[in-house]
Amino acid sequence: MESTASRILKLYEENNHAELSKLLSSFDLRELSKVIRGQEVNGQSGLATLIRAVIYGSPCDSQQGEERRIKVYKNVLKTLQRELLSNAVASDIVGLLLIETDAFSEGSLVELAKFYIENIESSSGSDATAGNSHWLQLFPKLLSSISSRQKIVVDNNEIGGAEYKSCVLKQLCGVPWSAELAVHITTMLKDVEISADEMGVVLERVLLLLSQVELQKLPALVYQLLLLTTKGYKGLALEGIIAFFDKLDTKANKQNTGADSMEIEEDKINVEQLRQVEGTVALYVIFTIKQDQEPGREYIKYLKANQQTPSRILSPFNTALALSIAQIHRFEEQVLGCIKGCIIRSFRESEKQRQSEWFRELVPDDCEVTKAVLQTVRNSSQGWDHVSQGLLSLGFLLMDSYGPKGAFGSVDVPAGYHSSPSGKACKLGADILLETFKLHNAVRGKILDEILNRLVTKAASPADHYLNLLAAVVKWGATVVIEWSQKVRGVFDCLPLLPESTGHRFLTAIQPLLKISMPLKDALMVVLRKTLFSSHMESRKMAVNGYLQILKNFQVLGSMSSSQFSQASQASQSSSSWFSQIQADVHTRSNPKANEALCLEIVSSLRRCFRQQSEIRMLLYQGLPEVVAVNTQLCCPLLELLLNQLMGYVESKPNMPPLLLTRCTTQQGEQVTCSEPLAHLLICLLQVLEKTYKVPVSDKDEDEDEDEDLKVVQSRCEDFLLSLTQRVMKCDLEDFELDKSTDFSGGTCLAVRNSLCAQLLVGVYEALMEAAFYRGSYSQENCELIVELYNCESNLLELLREKSTAGGGGKKGKAALAGKAAAAGKAASVAHFAPKSVLSLGFLSKILAGLFCDTMPANSAGLAALRGCKDLVKYLVTVTLHKLQHLNTDHRLSPTPDVFIYSSNIAKSLLAHYIAYSSISGTETDDKIEKSLLPACIEGFVSALQLVSSHYKQRIGEFLDKIGSRDSDTADDKVHRQVKHLQQAIASILTADLQESRFKEMVHILNAVAILSAELNTTDQNYIQLHRWVLRLCQEHCLDEQSLAKRLLTLLFAITSRLSSCAPVVLQLSQDIHIQLKDIDEEVDIQESNTFAMVTAKSAAPAALCVVLQQIDAMLDTTDWVIVRMHANAPTITDADASPSAQQDNMEKQVCMQLGSLLNSLHELMQAAVPFGHCQELLVRTVTRMYGILTALTKYYINQYTKKQGHMCSRFEKLVRLSATHLTKQVYPMITYIQTTQSKDVQKKTEKAPTKKKKDNMVATKSRVVKENRSVPNMIFAVEQYERFLILLSKKSKVDLMEHMKLSTARDFRIDATAVQVALEEQAEVTEDEQDADEETEHVADTQPAKRQRTQQ
């Protein structure tokens, strides 16, 4: 054999073509194959030359020569498959065959193509070709040669070369590929010219291969797939890749949760390896998009097309991919905008699912947004550094979208905003940034930098969410954050410029940093000391808050004596800081000496606040009790400090009035202000004194002196308060120069000063009442003292009320009186401290519990004295109500655990009193004061319940336990028990003589029912019973008071929507409203009876009508949401089953049924004689919205027919017919009626105007009417659009949907036949009169000449 190969090579080298051909012809094909195989084994270096010699001696013009070429080609392919050759030899041979491929005849090309397909099919499941791709490099050239031939005969059939190439590709995609060959075949296909149709087939085949390839080989296959998409279908490839990895993630999650415990061990996924593969794939996608932006644009289209399906967009892999692509500047804004919009939409969808059972059944919750996005953050810890920057951008984008925006530096966040979709999205953004901060060290500095920059640069916007994030970051790792302490120190310089609330919360957030960094603490102390003397009030408030925060967090472990405080006070007056001379260990978390020195210096600095404005002092007085509650060792110095301050405003001479009220005011020019909020000072002293009794007594000998000092100070304070109370009680108003002769008019500085002194004295009375209560609790003597103090306060308020009425203080005087300032004229406007009650919530909680719940015999005498003063009881309840309402509305307040306890106790007391004195207990009172107290009691209970449900959602069960539930009850049973009590209250009101004064009580009770109903499980029988009760209440009782009817119907719709569709209830209410309002055609007489007794002529409009229209609008909005989801759920190419699902058919059916019922409801309302004004406007807008939803549904079916994905259901045809007969038919009569009522209203208002102004009034009224009724043209346009798309759908579906539609030919004007007939008759009468007049004129003219002739004769 070796000699034969040598002979062939020798003849080839001699270029002896004839002899070489003759020699090769002497061998049969088998012998030639042996020669080639022998050369493979013995010498690879000469194999390429041997093959070149054989081809050279085998001309294609002879059949035998071509057969030898084909044999050589096949042998070479088998050799390359076996991977016996080196890369250099294999490349040389492949290059030779590529050149000679075009020389093959058509038949040979067909044979070689079949050989390739057979080899690929036979290689499936074999490792023989693993890692080898040389033999596949010849296939693209083979297909190119086939495509270049005009005609090819295949199985005795003649077809074109390009057509046969397509057949070969389809055969290739039809045979099984081994996982080892998948990457090589995909790589090979890049070099093949593929048409769009062929590319679709190839791409589908490659996507199916993803599930067959091992995890570690997936990145290579995906990369080759992305390169292959340069020929087209880039979007489809990305969609397929995303869908595949989403399935892998779902499988891995089930595996981790143990859902597939029976799964075969070999099929389990290595999660760590999967995350690495996903990260690599994302990098390949980014690289591809950087090279060619077309895939990026296709990905943006994918995001926008699937934005209505959060489960596709917010899957962990796709979120990571999107955030990676967002690194490319061109796509950053679009990608992040799509992700943000999808997140907010998902939260909105969840809210609708919670509120509507109908929507929940049609659109199930298939995506937990927070869980999915945070899973992406956790996955990014597996080396996904390319995702971290995107996470940071997304997190801050979500937080920046938080609102509402501030105006003029004032920001008001509505109650419940944090639970809104935007609030939840902001919370998710904060969670993303917090988790990213924990997992990625590289972006920690950037996150802190962005947070601090936003605090400084966005001072006019809400900053609570940034501060909460900063606090969470610092709490998680203060030692980590301290590395960037320089950034924090940079904010210190801007503290005086920040709003007071922002600076306060910022200092609260960074307290853990101050404990571990002495330089940071020193820098803050310097800034606070400078800021305390700032010229801006807000800056000084921030400094005081900062000092108070430090006092709370740096606790003194040992006791502090008054002597230490005195020394510190003296040292603080020196030029250098006494604290700066204290040496402390920076790394010690709790250094007693350093803390003690720090606190003493701060307390000394705070003494300067006693010489500043009343706002600064009030802030200090409100914060010191909180400081003492935490840092108990400061009780003694603070008590002495407050006592000394208070004694400066108390007359020491016993025979003089005890209070120096004029010293508490300051006059600067013509302006008089309050300089010392005396009542707040008293309350602060009292609360600090109360905290001192809770300080544990030390057992150490060295602390005994300090304990004695504390007892001495306590004794001094008690004696002082008792003495002050007794002296104030002995004084009349005349002793304070406040009597009937005192000027409160507000016209002079003296009058303003008198008003301020009166306000201060009112506060002092309240503070002394609280002091007396804590001193003697419910003793008879103490309670009588409280009553006497209240009588003194009441006398002063009565005096101010009389002076306000007599002096004509007007609204300002009344407003001040309502706030217990009771000052007339300009007094309220010049007073710079809030004239609110100084009584604490804790005191109110305790005294109300005694008044309404205490039955102990020992307290009976004292409580009888308190209960006997009905005005005092009413006053305390009113003040409590105002306190609770303030806590509910002031977003800046952060409720503490004490507030929850006080609110629970107050709610229990108020509810107990309401039940005891209302008709529920069967002992209804006849006392007018008690009856007037009941609405305030139930309103206070509702305010406490609302406060707990808003700020203590997780403790609602504990709250219900406190007000009367049993500990053994389930959560639903606890709620239901309270609901039953409220139902009994409603029933007792209905059985008694129903007066208008009781309607307000019912509204508050229904508010409480609404809050509690949200805590019930909708599947529970208790919820169903509640729904039946509310429905029966509406149907059987004539509750036609406007506010009550609105509240009751709103509650009915809220409860019904959580159980089922509200459409039947809306239809019945619409019919009742039509009955009560009468028909727009006066000749139509409606004889039907009401279904709902509460709908009467009084409540039908605007109360019931507005609520029903709002509910219809809400249901239309929900329906529109479902239609959008129907568009999103349309089958896609990558779906395994691209046919309309049963769920899609059910959605279409339910939407048509819902719209049909709402259409019937609007049919009733459009026929009703709706009164002119807001109700008509609301009705027209709702009808316009209905046409918009009908148009959207029509467009959906047009899209289905355009894509050939489905057809319209029979219910839609019925809906179209119903819209023609019940909606469009009533549009123009309704417009005519609206214009008629408008004309009457204009005429009525014009007649009332003076004669000279009638013309101007007519023009102004008409202009206003035209401006208010722009919604009518919008409705006409909506009708036209609906009809336009119906015509288009009729053409596509071949169904005449316009059969019952009557198109209007004139839209700009309407001809009223009746009006025309009347006008014609009037014109005919005028014509006859004119003719008669003409005849008379002619007759007179004829007779005049005759008379003249007779006269002449």
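Residues numbered from 1 in each chain as written. Predicted model: local features only at pLDDT ≥ 70, side-chain atom pairs only at ≥ 80, totals over all residues. Heavy atoms only, no water.

Along the backbone of the protein there are 58 helices and 4 strands. Counting across all 1353 residues of the protein, residues that qualify as buried make up 52%. The contacts of the protein with a sequence gap of at least 6 include a subset with a gap of at least 24, amounting to 75%. Only carbon and sulfur atoms are counted for the fraction: they give 50% of the accessible area of the protein, which is about 61,900 Å². (Helix = DSSP H or I, 4+ residues; strand = E, 2+ residues; numbered from the N terminus. Buried < 20%, exposed > 50% of the residue type's maximum accessible area, 1.4 Å probe, protein only. Contact = heavy atoms within 4.5 Å. Areas by Shrake-Rupley, 256 points an atom, 1.4 Å probe, with all protein chains shown as cover.)

Along the chain, Gln 549 falls in helix 30 (residues 537–553). At a separation of 3.0 Å, a polar atom in the side chain of Gln 549 contacts the side chain of His 504. Each residue touching Gln 549, except ones within four places of it in the same chain, is listed here: His 504, Thr 508 and Gln 511. (Polar contact = N/O pair within 3.5 Å; in protein donor to acceptor, adjacent residues only side chain to side chain.)

Let us look at helix 37 (residues 749–776). In this model, helix 37 (28 residues) spans 41 Å end to end at C-alpha, consistent with the 40 Å of a helix rising 1.5 Å per residue. Ser 777 sits one or two residues past helix 37 and shows a positive phi near 55 degrees. (Expected span 1.5 Å × (residues − 1).)

If you look at the biggest cluster of nonpolar residues, it comprises 285 residues, and the most contacted ones within it are Phe 506, Leu 1193 and Phe 1212. If one sorts the elements of this core by residue count, helix 52 (residues 1100–1128) sits on top with 16 residues. Ignoring anything within four residues of it in the chain, the contact list for Phe 1212 reads Cys 1152, Leu 1193, Thr 1194, Tyr 1197, Leu 1286, Leu 1289 and Leu 1297. Counting residues in hydrophobic clusters, the runner-up holds 127 residues, among them Trp 135, Leu 225, Leu 336 and Val 377. (Core = buried A, V, L, I, M, F, W, Y, C linked by side-chain atoms within 4.5 Å.)

Right, let's get into the pattern of salt bridges. Taken as a whole and assessed by the stated rule, the structure comprises 29 salt bridges. Arg 801 serves as the salt-bridge partner of Glu 798, at 2.6 Å between the closest nitrogen and oxygen. Pair noted here: Glu 798 and Arg 801 are both in helix 38 (residues 780–807), with a separation of 3 residues, about one helical turn. Residue Glu 798 is classed as partly exposed on the basis of its relative accessible area, which comes to 36%. Judged by its relative accessible area of 35%, Arg 801 falls in the partly exposed class. The partner of Glu 1015 in a salt bridge is Lys 953, with the nearest N and O atoms 2.6 Å apart. Highlighted residues: Glu 1015 in the loop between helix 48 (996–1013) and helix 49 (1021–1036) and Lys 953 in the loop between helix 45 (928–951) and helix 46 (956–962), separated in sequence by 62 residues. Given a relative accessible area of 42%, Lys 953 falls into the partly exposed group. Several salt bridges share partner residues, and in doing so they unite Lys 352, Asp 1113, Asp 1117 and Arg 1185 into one network. (Salt bridge = Lys/Arg side-chain N within 4 Å of Asp/Glu carboxyl O.)

This next bit is on unusual backbone geometry. Residues Ala 1101 and Pro 1102 are joined by a peptide bond in cis, for which omega reads 5 degrees. When you line up the elements, Pro 1102 lands in helix 52. The phi dihedral of Tyr 233 falls on the positive side, at around 60 degrees, and the residue is not glycine. Among the structural elements, Tyr 233 can be located in the loop between helix 12 (218–228) and helix 13 (234–257). Backbone geometry at Lys 1078 places phi at a positive 75 degrees, although glycine is not the residue there. Looking at where Lys 1078 falls in the secondary structure, it is placed in the loop between helix 51 (1063–1077) and helix 52.

This part is about helix 44 (residues 897–917). Spanning 21 residues, helix 44 covers 31 Å between terminal C-alpha atoms, matching the ideal 30 Å at 1.5 Å per step. For helix 44, the set of buried residues is Val 899, Phe 900, Ser 903, Ser 904, Ile 906, Ala 907, Ser 909, Leu 910, Leu 911, His 913 and Tyr 914. Tucked inside the fold, the buried residues of helix 44 contact helix 41 (841–853), helix 43 (870–889), helix 45, helix 46, helix 47 (971–991) and helix 48.

This part takes up the packing of helix 23 (residues 444–457) against helix 24 (residues 464–476). Contact pair helix 23 / helix 24: the axes reach a minimum separation of 10 Å and the direction vectors enclose 145 degrees. Read as a crossing pair, helix 23 and helix 24 show a hand that is left-handed. Across the interface between the two elements, Arg 444, Leu 448, Ile 451, Leu 452, Arg 454 and Leu 455 from helix 23 touch Tyr 466, Leu 467, Leu 469, Leu 470, Val 473 and Trp 476 from helix 24. Taken together, the residues of the contact of helix 23 with helix 24 sort by class into 10 nonpolar, no polar and 2 charged. (Axes fitted to C-alpha atoms, helices over the stretch in contact; angles between N-to-C directions. Left-handed = near helix turned anticlockwise from the far one by under 90°. Nonpolar A, V, L, I, M, F, W, Y, C, P; charged D, E, K, R; others polar.)

Further remarks concern the confidence of the model for the protein. Detailed reading of predicted coordinates is not advised where the pLDDT is low. Across the protein, pLDDT averages 81, with 81% of residues at or above 70. In the predicted structure, residues 808–835 sits below a pLDDT of 50 and forms 61 contacts with residues beyond four places in sequence or in another chain. Here residues 1133–1138 is modelled with pLDDT under 50, and outside its nearest four sequence neighbours on either side it reaches 7 contacts, counting other chains as well. (pLDDT = per-residue confidence, 0-100.)

With that out of the way, let us pick up the packing of aromatic side chains. If you walk through the whole model with that rule in mind, you get 17 aromatic pairs. Taken together, a centroid distance of 5.3 Å and an interplanar angle of 80 degrees make the contact between Phe 773 and Phe 843 edge-to-face. Separated by 70 residues along the polypeptide, Phe 773 in helix 37 and Phe 843 in helix 41 bring together distant segments of the chain. When its relative accessible area of 0% is taken as the criterion, Phe 843 is described as buried. Through a chain of ring-to-ring contacts, the aromatic side chains of Phe 773, Tyr 774, Tyr 778 and Phe 843 assemble into a single cluster. One residue, Arg 345, lies across the ring of Trp 1121, its end atom 4.0 Å from the ring centre. The side chain of Arg 444 reaches across the aromatic face of Phe 437, ending 5.5 Å from its centre. (Phe/Tyr/Trp six-rings, centres within 6.5 Å; stacked < 30°, edge-to-face > 60°. Lys NZ or Arg CZ within 6 Å of the ring centre and 35° of its normal.)

Considering the arrangement of structural elements, one finds Gln 511 in helix 28 (residues 511–516). When its relative accessible area of 1% is taken as the criterion, Gln 511 is described as buried. At 2.7 Å, the side chain of Gln 511 forms a polar contact with the backbone oxygen of Leu 507. Residues in contact with Gln 511, not counting those within four places in the same chain, are Gln 549, Ile 550, Asn 553 and Phe 554.

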